[in-house]
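Analysis of the macromolecular model
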Amino acid sequence: MTIDRLSQGMILVTLMDDDMRRYSLDFNDAADGERTRRGLTRLMYRVGEECGIDHRDKCYLIEALPGKESCLLIISVRAKKSRRRYRIKRENTVDCCRFSSVDALLLWLDRPESARMGYALYQSKESYCLLPEYPLTSAERCILNEYGAVCRESPVTVARIREYGKLLREHSRRRRHLKYASSAAI
């Protein structure tokens, strides 16, 4: 076995067959990965002793180039970065009501609550999708669940419904203010 330190962060190791058996290194597909990992760990301790590398806060990238009678290992030594922190983002979802039949949709449209709600109604594949203007209140959700299935959809799914679906009806929520109201005191 020969160990050559090419630079501060690059080491070249040449292993012969007996060295590979000593460290249980077998890079075939059918080889036991756990034994190979343990052998590489023992080899890295030996390489660290020979080259004077402290293993604390270091990570290694090892490239193995196996040959017929030997194996060449190219080892890149890098400073270990601080542990990454992952944040879980809250999923952004939109209310959507799917009606399975035209009859259920027509029954809901006959209800007086449908006139007070702003929505866009699309025909998408085999179902009818109602996309409300604003998030549904609990009362609106309960009424819609009687006639269809209210679910939370991703913005991508809603965009596909709007792009590929056929717009059947659009209804804006009634405003509760006067059109020409004046702020002047009378």
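All of these numbers come straight from a predicted model, not from anything done at the bench. (Residues numbered from 1 in each chain as written. Predicted model: local features only at pLDDT ≥ 70, side-chain atom pairs only at ≥ 80, totals over all residues. Heavy atoms only, no water.)

**A look at helix α4 (residues 138–147)**
Worth spelling out the cut-off: Exposed residues in this analysis have more than 50% of their type's maximum accessible area, buried residues have under 20%, and partly exposed residues fall in between, with area computed by a 1.4 Å probe over protein chains only. To qualify as a helix, a DSSP run of H or I must reach at least 4 residues; to qualify as a strand, a run of E must reach at least 2; elements of each kind are numbered from the N terminus. The arc refers to the directions leading from the helix axis to the C-beta atoms.
For α4, the complete set of buried residues consists of Glu140, Ile143, Leu144 and Tyr147. Down the axis of α4, the sector holding all buried residues measures 95°, keeping them to one side. Away from the buried face of α4 by more than 90 degrees, exposed residues Ser138, Cys142 and Glu146 are located.

**Quick word on the environment of leucine 106**
Take leucine 106: it is sitting in helix α3 (residues 102–109). The exposure class assigned to leucine 106 is partly exposed, which follows from its relative accessible area of 46%. Separated by 41 residues in the primary sequence, leucine 106 and tyrosine 147 place their C-alpha atoms 9.3 Å from one another.

**Digging into the pairing of strand β1 (residues 2–7)**
Heads up, the rule is: Two strands form a pair only when DSSP identifies at least two bridges running between them.
In this structure, β1 lies alongside strand β2 (residues 10–16), joined through 5 bridges in antiparallel fashion. Each bridged residue has a counterpart across the sheet, and for isoleucine 3 the counterpart in β2 is valine 13. Between β1 and the antiparallel strand that follows it, β2, lie 2 residues.

**What about the sheet that holds strand β7 (residues 127–132)?**
The strands making up a sheet are joined through hydrogen bonds of the backbone, oriented either antiparallel or parallel. Defined as follows: Note on definitions: angles span 0 to 180 degrees between N-to-C directions of axes, and those axes are lines fitted to C-alpha atoms, for helices only across the stretch in contact.
Strand order in this open sheet of 5 strands is β8-β5-β7-β6-β9, and the pairing throughout is antiparallel. Edge strands, defined here as strands with exactly one partner in the open sheet, are β8 (149–153) and β9 (166–171). Along the sheet, successive strands turn relative to each other by an average axial angle of 25°, direction set aside.

**A look at the pairing of strand β5 (residues 94–99)**
With 5 bridges joining them, β5 and β8 adopt antiparallel strand pairing. From the neighbouring strand, valine 94 faces β8, where its bridge partner is glutamate 153. Pairing analysis gives 3 bridges linking β5 to β7, with the strands arranged antiparallel. In the strand pairing of β7, arginine 98 is matched with cysteine 129.

**Looking at the sheet that holds strand β4 (residues 70–79)**
Across the sheet, which stays open at both edges, the 4 strands sit in the order β1-β2-β4-β3 with antiparallel pairing between neighbours. The open sheet terminates on both sides in strands that have one partner only, identified here as β1 and β3 (58–66). Adjacent strand axes in the sheet meet at a mean angle of 20°, parallel and antiparallel pairs treated alike. Of the strand pairs in this sheet, β2 and β4 are connected by 7 bridges, and their pairing is antiparallel. Bridge pairing links methionine 16 to serine 70 in β4.

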